[in-house]
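Spelled out from the first residue to the last, the chains are:
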Amino acid sequence: MCNVCGCGAGETRIEGEALNDGRGPYRWAPVGRKGATQAHGHSHDHAHDHAHPHAHEHVPPHDHHSPQGHSHIHDHGDGSVHYGHGPAGAHAPGMSQAQMVKIEQGILAKNDGFADQNRDWLAQRGILALNLVSSPGSGKTTLLVRTIEALKGHMAVSVVEGDQQTSFDAERIRATGAPALQINTGKGCHLDAHMVGRALDKLAPPEQSLLLIENVGNLVCPAAFDLGEAAKVVVLSVTEGEDKPLKYPDMFAAARLMLVNKLDLLPHLSFKLDDAIAYARRVNPRLEVICLSATTGEGFAAWTAWIEARRAEVLARRQQTVDQLHARIAALEAQLAALGQG
(Lines give C-alpha, C1' and ligand atoms only; values in the text may rest on other atoms or scores of the structure.)
Protein backbone atom coordinates (compact mmCIF):
# COMPACT_ATOMS: atom_id res chain seq x y z
CA MET A 1 0.00 0.00 0.00
CA CYS A 2 1.40 3.40 -0.94
CA ASN A 3 0.86 4.75 2.58
CA VAL A 4 3.73 2.61 3.84
CA CYS A 5 5.86 1.64 0.83
CA GLY A 6 7.29 5.11 0.10
CA CYS A 7 6.44 5.09 -3.61
CA GLY A 8 7.18 8.32 -5.40
CA ALA A 9 8.91 10.03 -2.49
CA GLY A 10 10.63 13.19 -3.69
CA GLU A 11 9.56 12.78 -7.33
CA THR A 12 6.50 15.03 -7.53
CA ARG A 13 6.68 17.98 -9.93
CA ILE A 14 4.22 20.78 -10.61
CA GLU A 15 4.69 22.18 -14.11
CA GLY A 16 8.19 20.73 -14.04
CA GLU A 17 9.13 22.32 -10.69
CA ALA A 18 10.09 19.91 -7.92
CA LEU A 19 7.64 19.82 -5.02
CA ASN A 20 9.57 19.97 -1.75
CA ASP A 21 8.41 17.01 0.32
CA GLY A 22 9.89 18.02 3.66
CA ARG A 23 13.45 16.78 3.25
CA GLY A 24 14.68 20.38 3.00
CA PRO A 25 13.60 23.79 4.34
CA TYR A 26 10.32 25.00 2.95
CA ARG A 27 7.61 27.43 3.97
CA TRP A 28 4.14 27.00 2.58
CA ALA A 29 1.10 29.21 3.03
CA PRO A 30 -0.92 29.83 -0.14
CA VAL A 31 -1.51 33.44 -1.08
CA GLY A 32 -4.63 34.76 0.59
CA ARG A 33 -5.22 31.73 2.80
CA LYS A 34 -4.31 33.61 5.93
CA GLY A 35 -4.93 37.05 4.50
CA ALA A 36 -4.16 38.81 1.24
CA THR A 37 -0.72 39.98 2.35
CA GLN A 38 0.43 36.77 4.04
CA ALA A 39 1.76 34.73 1.15
CA HIS A 40 4.14 32.92 3.52
CA GLY A 41 2.58 33.58 6.87
CA HIS A 42 3.18 30.27 8.59
CA SER A 43 5.56 27.39 8.35
CA HIS A 44 4.92 23.74 7.61
CA ASP A 45 8.58 22.78 7.61
CA HIS A 46 7.90 19.88 9.93
CA ALA A 47 4.88 18.50 8.15
CA HIS A 48 5.95 17.53 4.66
CA ASP A 49 7.02 14.00 5.39
CA HIS A 50 3.41 12.95 4.97
CA ALA A 51 3.74 12.20 1.29
CA HIS A 52 5.37 8.79 1.46
CA PRO A 53 7.70 8.19 4.43
CA HIS A 54 10.01 5.20 4.10
CA ALA A 55 8.74 4.01 7.45
CA HIS A 56 9.68 0.40 6.87
CA GLU A 57 13.36 0.95 6.13
CA HIS A 58 14.48 0.43 9.72
CA VAL A 59 12.02 -2.27 10.71
CA PRO A 60 13.93 -5.49 11.35
CA PRO A 61 12.74 -8.58 9.53
CA HIS A 62 10.56 -10.87 11.56
CA ASP A 63 8.82 -14.19 11.33
CA HIS A 64 5.45 -13.79 9.65
CA HIS A 65 4.21 -16.65 11.76
CA SER A 66 5.17 -15.12 15.10
CA PRO A 67 2.60 -13.26 17.23
CA GLN A 68 4.39 -9.97 16.54
CA GLY A 69 4.74 -10.56 12.83
CA HIS A 70 1.35 -12.00 11.91
CA SER A 71 0.27 -10.08 8.84
CA HIS A 72 -3.26 -11.47 8.43
CA ILE A 73 -2.73 -13.38 5.20
CA HIS A 74 -5.62 -15.80 4.86
CA ASP A 75 -5.96 -18.81 2.62
CA HIS A 76 -9.65 -19.10 1.80
CA GLY A 77 -9.33 -22.78 0.89
CA ASP A 78 -10.54 -22.13 -2.65
CA GLY A 79 -7.16 -21.38 -4.20
CA SER A 80 -7.29 -17.65 -3.33
CA VAL A 81 -5.17 -15.86 -0.76
CA HIS A 82 -6.40 -12.63 0.85
CA TYR A 83 -3.86 -10.06 2.07
CA GLY A 84 -6.48 -7.51 3.12
CA HIS A 85 -7.59 -8.92 6.46
CA GLY A 86 -6.52 -7.33 9.71
CA PRO A 87 -6.77 -3.81 11.17
CA ALA A 88 -4.63 -2.23 8.41
CA GLY A 89 -6.66 -3.80 5.62
CA ALA A 90 -3.38 -4.43 3.76
CA HIS A 91 -0.06 -6.26 3.92
CA ALA A 92 3.55 -5.07 3.72
CA PRO A 93 6.51 -7.44 4.07
CA GLY A 94 8.44 -6.86 7.28
CA MET A 95 5.71 -4.84 8.99
CA SER A 96 3.09 -5.73 11.54
CA GLN A 97 -0.52 -4.63 11.28
CA ALA A 98 -0.04 -2.28 14.25
CA GLN A 99 2.93 -0.58 12.59
CA MET A 100 1.00 -0.13 9.36
CA VAL A 101 -2.02 1.32 11.13
CA LYS A 102 0.16 3.81 13.04
CA ILE A 103 1.94 4.98 9.89
CA GLU A 104 -1.26 5.33 7.89
CA GLN A 105 -2.99 7.28 10.65
CA GLY A 106 -0.08 9.72 10.76
CA ILE A 107 0.02 10.16 7.00
CA LEU A 108 -3.71 10.70 6.63
CA ALA A 109 -3.89 13.06 9.63
CA LYS A 110 -1.29 15.35 8.06
CA ASN A 111 -3.00 15.13 4.69
CA ASP A 112 -6.34 15.99 6.28
CA GLY A 113 -4.80 19.12 7.79
CA PHE A 114 -3.78 20.33 4.35
CA ALA A 115 -7.18 19.29 2.95
CA ASP A 116 -8.94 21.44 5.54
CA GLN A 117 -6.83 24.42 4.49
CA ASN A 118 -7.72 23.81 0.85
CA ARG A 119 -11.40 23.45 1.71
CA ASP A 120 -11.44 26.73 3.66
CA TRP A 121 -9.63 28.54 0.86
CA LEU A 122 -12.08 27.24 -1.74
CA ALA A 123 -15.12 27.98 0.43
CA GLN A 124 -14.06 31.58 1.03
CA ARG A 125 -14.00 32.09 -2.73
CA GLY A 126 -17.13 30.14 -3.58
CA ILE A 127 -15.19 27.68 -5.74
CA LEU A 128 -16.66 24.23 -6.41
CA ALA A 129 -13.88 21.61 -6.52
CA LEU A 130 -14.56 18.12 -7.86
CA ASN A 131 -12.06 15.26 -7.64
CA LEU A 132 -12.42 12.95 -10.66
CA VAL A 133 -11.10 9.45 -10.05
CA SER A 134 -11.07 6.31 -12.20
CA SER A 135 -9.02 3.56 -13.76
CA PRO A 136 -6.64 4.55 -16.56
CA GLY A 137 -8.45 4.82 -19.89
CA SER A 138 -11.92 5.56 -18.54
CA GLY A 139 -12.12 8.75 -20.61
CA LYS A 140 -11.62 11.34 -17.84
CA THR A 141 -9.69 13.83 -19.98
CA THR A 142 -12.16 13.59 -22.87
CA LEU A 143 -14.91 14.07 -20.30
CA LEU A 144 -13.20 17.20 -18.95
CA VAL A 145 -12.72 18.67 -22.41
CA ARG A 146 -16.39 18.23 -23.27
CA THR A 147 -17.43 19.54 -19.83
CA ILE A 148 -15.41 22.72 -20.34
CA GLU A 149 -16.98 23.22 -23.75
CA ALA A 150 -20.48 22.60 -22.36
CA LEU A 151 -20.00 25.14 -19.55
CA LYS A 152 -18.48 27.94 -21.64
CA GLY A 153 -20.40 31.12 -20.98
CA HIS A 154 -21.92 29.68 -17.79
CA MET A 155 -18.96 29.47 -15.41
CA ALA A 156 -15.18 29.69 -15.43
CA VAL A 157 -13.42 26.33 -15.27
CA SER A 158 -9.85 25.52 -14.18
CA VAL A 159 -8.22 22.10 -14.16
CA VAL A 160 -5.53 20.36 -12.11
CA GLU A 161 -4.13 17.37 -14.01
CA GLY A 162 -2.51 14.48 -12.14
CA ASP A 163 -0.33 11.94 -13.97
CA GLN A 164 2.83 10.06 -13.15
CA GLN A 165 4.59 11.50 -16.21
CA THR A 166 4.00 13.82 -19.24
CA SER A 167 1.86 16.94 -19.63
CA PHE A 168 -0.25 15.61 -22.49
CA ASP A 169 -3.56 15.92 -20.64
CA ALA A 170 -2.88 19.47 -19.43
CA GLU A 171 -2.06 20.46 -23.00
CA ARG A 172 -5.38 19.02 -24.18
CA ILE A 173 -7.19 21.06 -21.56
CA ARG A 174 -5.33 24.27 -22.40
CA ALA A 175 -6.32 23.81 -26.06
CA THR A 176 -9.92 24.49 -24.96
CA GLY A 177 -8.87 27.88 -23.56
CA ALA A 178 -9.25 26.79 -19.93
CA PRO A 179 -6.27 27.17 -17.57
CA ALA A 180 -4.70 23.88 -16.51
CA LEU A 181 -1.81 22.93 -14.27
CA GLN A 182 0.05 19.62 -14.52
CA ILE A 183 1.17 17.67 -11.46
CA ASN A 184 3.49 14.74 -12.19
CA THR A 185 3.73 12.32 -9.30
CA GLY A 186 6.66 10.22 -10.56
CA LYS A 187 6.20 6.79 -9.00
CA GLY A 188 3.37 8.17 -6.83
CA CYS A 189 -0.06 6.71 -7.46
CA HIS A 190 -2.32 9.57 -6.33
CA LEU A 191 -2.57 13.28 -5.65
CA ASP A 192 -2.56 14.52 -2.07
CA ALA A 193 -3.83 17.70 -0.43
CA HIS A 194 -0.39 19.30 -0.18
CA MET A 195 0.13 18.95 -3.95
CA VAL A 196 -3.29 20.44 -4.63
CA GLY A 197 -2.64 23.31 -2.23
CA ARG A 198 0.49 24.22 -4.17
CA ALA A 199 -1.47 23.91 -7.40
CA LEU A 200 -4.12 26.33 -6.12
CA ASP A 201 -1.40 28.91 -5.49
CA LYS A 202 -0.08 28.65 -9.01
CA LEU A 203 -3.40 28.23 -10.81
CA ALA A 204 -5.32 30.87 -8.81
CA PRO A 205 -8.83 29.87 -9.94
CA PRO A 206 -11.29 32.81 -9.94
CA GLU A 207 -14.03 33.22 -7.38
CA GLN A 208 -17.33 31.37 -7.93
CA SER A 209 -15.70 29.10 -10.51
CA LEU A 210 -15.38 25.35 -11.04
CA LEU A 211 -12.14 23.50 -10.28
CA LEU A 212 -11.86 20.04 -11.80
CA ILE A 213 -9.11 17.80 -10.42
CA GLU A 214 -8.20 14.83 -12.60
CA ASN A 215 -6.51 12.39 -10.25
CA VAL A 216 -3.95 9.79 -11.25
CA GLY A 217 -5.63 6.83 -12.95
CA ASN A 218 -6.00 4.41 -10.04
CA LEU A 219 -9.03 3.02 -8.23
CA VAL A 220 -7.18 2.29 -4.98
CA CYS A 221 -5.01 4.96 -3.35
CA PRO A 222 -6.91 8.16 -4.32
CA ALA A 223 -9.88 6.88 -2.29
CA ALA A 224 -8.01 7.48 0.98
CA PHE A 225 -6.82 11.02 0.32
CA ASP A 226 -9.06 14.03 0.89
CA LEU A 227 -7.93 16.92 -1.31
CA GLY A 228 -10.37 19.46 0.12
CA GLU A 229 -12.84 18.81 -2.70
CA ALA A 230 -16.60 19.13 -2.43
CA ALA A 231 -17.08 15.64 -3.87
CA LYS A 232 -15.30 12.71 -5.44
CA VAL A 233 -16.71 11.73 -8.83
CA VAL A 234 -15.80 8.21 -9.89
CA VAL A 235 -15.81 7.51 -13.63
CA LEU A 236 -16.56 3.95 -14.75
CA SER A 237 -16.48 3.23 -18.49
CA VAL A 238 -18.54 0.50 -20.12
CA THR A 239 -15.30 -0.92 -21.56
CA GLU A 240 -14.44 -2.06 -18.03
CA GLY A 241 -16.11 -4.84 -16.07
CA GLU A 242 -19.41 -4.13 -14.36
CA ASP A 243 -17.96 -5.74 -11.23
CA LYS A 244 -15.39 -2.93 -10.70
CA PRO A 245 -17.39 -1.45 -7.76
CA LEU A 246 -17.13 -4.75 -5.90
CA LYS A 247 -13.46 -5.24 -6.76
CA TYR A 248 -12.51 -1.69 -5.68
CA PRO A 249 -15.17 -0.84 -3.07
CA ASP A 250 -13.30 1.92 -1.21
CA MET A 251 -13.36 4.25 -4.20
CA PHE A 252 -17.06 3.81 -4.86
CA ALA A 253 -17.82 4.15 -1.14
CA ALA A 254 -15.92 7.47 -1.07
CA ALA A 255 -17.61 8.93 -4.15
CA ARG A 256 -20.76 11.02 -4.21
CA LEU A 257 -21.41 10.50 -7.94
CA MET A 258 -20.62 7.75 -10.41
CA LEU A 259 -20.41 8.67 -14.08
CA VAL A 260 -20.83 5.68 -16.40
CA ASN A 261 -18.94 6.81 -19.48
CA LYS A 262 -18.63 5.64 -23.12
CA LEU A 263 -22.33 4.88 -23.27
CA ASP A 264 -22.14 5.02 -27.09
CA LEU A 265 -20.13 1.77 -27.03
CA LEU A 266 -22.66 -0.13 -24.93
CA PRO A 267 -24.40 -1.84 -27.91
CA HIS A 268 -21.08 -3.39 -28.93
CA LEU A 269 -20.14 -4.78 -25.53
CA SER A 270 -21.34 -7.36 -23.03
CA PHE A 271 -21.22 -4.81 -20.18
CA LYS A 272 -24.28 -5.17 -17.91
CA LEU A 273 -25.21 -1.58 -17.03
CA ASP A 274 -27.92 -2.45 -14.49
CA ASP A 275 -25.55 -4.80 -12.69
CA ALA A 276 -22.81 -2.16 -12.54
CA ILE A 277 -25.19 0.34 -10.95
CA ALA A 278 -26.55 -2.28 -8.53
CA TYR A 279 -23.04 -3.31 -7.48
CA ALA A 280 -22.01 0.32 -6.93
CA ARG A 281 -25.08 0.98 -4.78
CA ARG A 282 -24.45 -2.22 -2.84
CA VAL A 283 -21.19 -0.59 -1.78
CA ASN A 284 -22.64 2.91 -1.42
CA PRO A 285 -26.47 3.08 -1.26
CA ARG A 286 -26.40 6.90 -1.48
CA LEU A 287 -24.30 7.00 -4.64
CA GLU A 288 -25.76 9.14 -7.41
CA VAL A 289 -25.40 7.82 -10.96
CA ILE A 290 -25.36 9.54 -14.36
CA CYS A 291 -24.83 7.61 -17.60
CA LEU A 292 -23.25 9.55 -20.45
CA SER A 293 -20.90 9.61 -23.40
CA ALA A 294 -18.09 12.14 -23.48
CA THR A 295 -17.75 11.41 -27.21
CA THR A 296 -21.34 11.99 -28.37
CA GLY A 297 -22.60 14.21 -25.56
CA GLU A 298 -25.41 11.84 -24.59
CA GLY A 299 -26.38 12.40 -20.95
CA PHE A 300 -24.31 15.58 -20.65
CA ALA A 301 -27.28 17.76 -19.74
CA ALA A 302 -27.73 15.73 -16.56
CA TRP A 303 -24.00 16.01 -15.75
CA THR A 304 -23.83 19.78 -16.21
CA ALA A 305 -27.07 20.18 -14.25
CA TRP A 306 -25.48 18.21 -11.40
CA ILE A 307 -22.48 20.54 -11.47
CA GLU A 308 -24.75 23.59 -11.42
CA ALA A 309 -26.61 22.20 -8.41
CA ARG A 310 -23.39 21.52 -6.48
CA ARG A 311 -22.09 25.00 -7.33
CA ALA A 312 -25.35 26.50 -6.05
CA GLU A 313 -24.79 24.63 -2.76
CA VAL A 314 -21.26 26.05 -2.46
CA LEU A 315 -22.45 29.59 -3.14
CA ALA A 316 -25.35 29.23 -0.71
CA ARG A 317 -22.99 28.12 2.07
CA ARG A 318 -20.68 31.00 1.29
CA GLN A 319 -23.56 33.48 1.45
CA GLN A 320 -24.74 31.96 4.73
CA THR A 321 -21.26 32.49 6.19
CA VAL A 322 -21.24 36.10 4.99
CA ASP A 323 -24.70 36.71 6.46
CA GLN A 324 -23.61 35.23 9.80
CA LEU A 325 -20.56 37.49 9.87
CA HIS A 326 -22.69 40.55 9.08
CA ALA A 327 -25.13 39.59 11.82
CA ARG A 328 -22.28 39.17 14.30
CA ILE A 329 -20.80 42.54 13.36
CA ALA A 330 -24.21 44.20 13.74
CA ALA A 331 -24.65 42.61 17.16
CA LEU A 332 -21.22 43.81 18.30
CA GLU A 333 -21.90 47.31 17.00
CA ALA A 334 -25.19 47.35 18.89
CA GLN A 335 -23.39 46.30 22.09
CA LEU A 336 -20.81 49.04 21.62
CA ALA A 337 -23.54 51.61 21.01
CA ALA A 338 -25.35 50.51 24.19
CA LEU A 339 -22.17 50.80 26.21
CA GLY A 340 -21.56 54.28 24.80
CA GLN A 341 -25.03 55.43 25.78
CA GLY A 342 -24.57 53.99 29.26
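A few points on the structure. (Residues numbered from 1 in each chain as written. Predicted model: local features only at pLDDT ≥ 70, side-chain atom pairs only at ≥ 80, totals over all residues. Heavy atoms only, no water.)

With that settled, consider helix H5 (residues 193-203). Extensive coverage of H5 is indicated by the burial of nine of its eleven residues. Listed as buried for H5 are Ala-193, His-194, Met-195, Val-196, Gly-197, Arg-198, Ala-199, Leu-200 and Leu-203. For H5, the side-chain oxygen to backbone nitrogen distance between the N-cap and His-194 is 3.1 Å, and the N-cap itself is Asp-192. Residue Ala-204 follows H5 closely and has a positive phi angle near 45°. (Buried < 20%, exposed > 50% of the residue type's maximum accessible area, 1.4 Å probe, protein only. Helix = DSSP H or I, 4+ residues; strand = E, 2+ residues; numbered from the N terminus. Polar contact = N/O pair within 3.5 Å; in protein donor to acceptor, adjacent residues only side chain to side chain.)

Looking down a regular strand, the side chains alternate between one sheet face and the other. Within strand S7 (residues 180-184), five of the five residues are buried, which leaves it mostly tucked inside the rest of the structure. Neither face of S7 is open: one carries Ala-180, Gln-182 and Asn-184, the other Leu-181 and Ile-183, and all of them are buried. With five bridges joining them, strand S6 (residues 157-163) and S7 adopt parallel strand pairing. Of the residues in S7, the one forming a bridge with Gly-162 is Ile-183. Since S6 and S7 lie parallel, the crossover through helix H4 (residues 168-174) that links them has a hand, and here it is right-handed. (Pairing = 2+ DSSP bridges. Right-handed = clockwise from strand over helix to strand, strands pointing away.)

What follows concerns the pattern of salt bridges. Any two side chains of opposite charge can pair, so long as their charged atoms come close to each other. Using the criterion set out here, one finds ten salt bridges in the structure. Taking the shortest distance from any N to any O, the salt bridge between Arg-119 and Asp-226 comes out at 2.4 Å. Of this pair, Arg-119 sits in helix H2 (residues 97-124) while Asp-226 sits in the loop between strand S8 (210-214) and strand S9 (231-237), and the two are 107 residues apart along the sequence. What makes Arg-119 partly exposed here is its relative accessible area of 30%. Note that Lys-244 and Glu-240 form a salt bridge whose closest N and O atoms lie 2.6 Å from each other. The exposure class assigned to Glu-240 is buried, which follows from its relative accessible area of 13%. Salt bridges linked by common partners bring Arg-256, Glu-288, Arg-310 and Glu-313 together as one network. (Salt bridge = Lys/Arg side-chain N within 4 Å of Asp/Glu carboxyl O.)

Formed by 30 residues in total, the largest nonpolar core has its most connected members in Leu-130, Leu-143, Leu-210, Leu-259, Trp-303, Trp-306 and Ile-307. Among the elements of the structure, strand S5 (128-134), helix H3 (140-151), S6, H4, S8, S9, strand S10 (257-261) and helix H9 (300-341) are those that each provide at least two residues to this core. In terms of nonpolar packing, the next biggest core, distinct from the first, is built from 17 residues, Ile-127, Ala-129, Val-160 and Leu-191 among them. (Core = buried A, V, L, I, M, F, W, Y, C linked by side-chain atoms within 4.5 Å.)

The subject of this paragraph is the packing of aromatic side chains. Considering all chains together, one arrives at one aromatic pair under this definition. Seen in terms of ring centroids, Trp-303 and Trp-306 are 6.0 Å apart; in terms of plane orientation they differ by 20°. Their pairing is stacked. Of this pair, Trp-303 and Trp-306 both sit in helix H9, three residues apart, which is roughly one turn of that helix. The same class applies to Trp-303 and to Trp-306, which are both buried. In this structure, Arg-146 is placed above the aromatic ring of Phe-300, and the distance from its NZ or CZ to the ring centre is 5.9 Å. When the ring centre of Trp-306 is taken as reference, the NZ or CZ atom of Arg-310 above it lies at 5.0 Å. (Phe/Tyr/Trp six-rings, centres within 6.5 Å; stacked < 30°, edge-to-face > 60°. Lys NZ or Arg CZ within 6 Å of the ring centre and 35° of its normal.)

Here the second largest pocket defines a volume of roughly 310 Å³. Lining the second largest pocket are 16 residues; nearest its centre among them are Arg-119, Leu-122, Ala-123, Val-314 and Arg-317. Secondary structure elements with two or more residues in the lining of the second largest pocket: H2, S5 and H9. Looking at the lining of the second largest pocket residue by residue, the classes come out as eight nonpolar, three polar and five charged. (1 Å grid on protein atoms, 1.4 Å probe; cavity = no way out; pocket = protein on both sides within 12 Å on 5 of 7 lines; lining within 4 Å. Points joined across faces, edges and corners; volume = space filled by probe spheres on them. Nonpolar A, V, L, I, M, F, W, Y, C, P; charged D, E, K, R; others polar.)

We now examine H9. Between its first and last C-alpha, H9 extends 61 Å over 42 residues, near the 62 Å set by a 1.5 Å rise per residue. Looking at H9, one finds that the buried residues are Phe-300, Trp-303, Thr-304, Trp-306, Ile-307, Arg-310, Arg-311, Val-314 and Arg-318. (Expected span 1.5 Å × (residues − 1).)

Let us now look at unusual backbone geometry. Look at Gln-208: it is not a glycine, yet its phi comes out positive at around 60°. Inspection of the secondary structure puts Gln-208 in the loop between H5 and S8. One non-glycine residue with positive phi stands out, namely Lys-262, at about 65°. Note on placement: Lys-262 falls in the loop between S10 and helix H8 (273-283).

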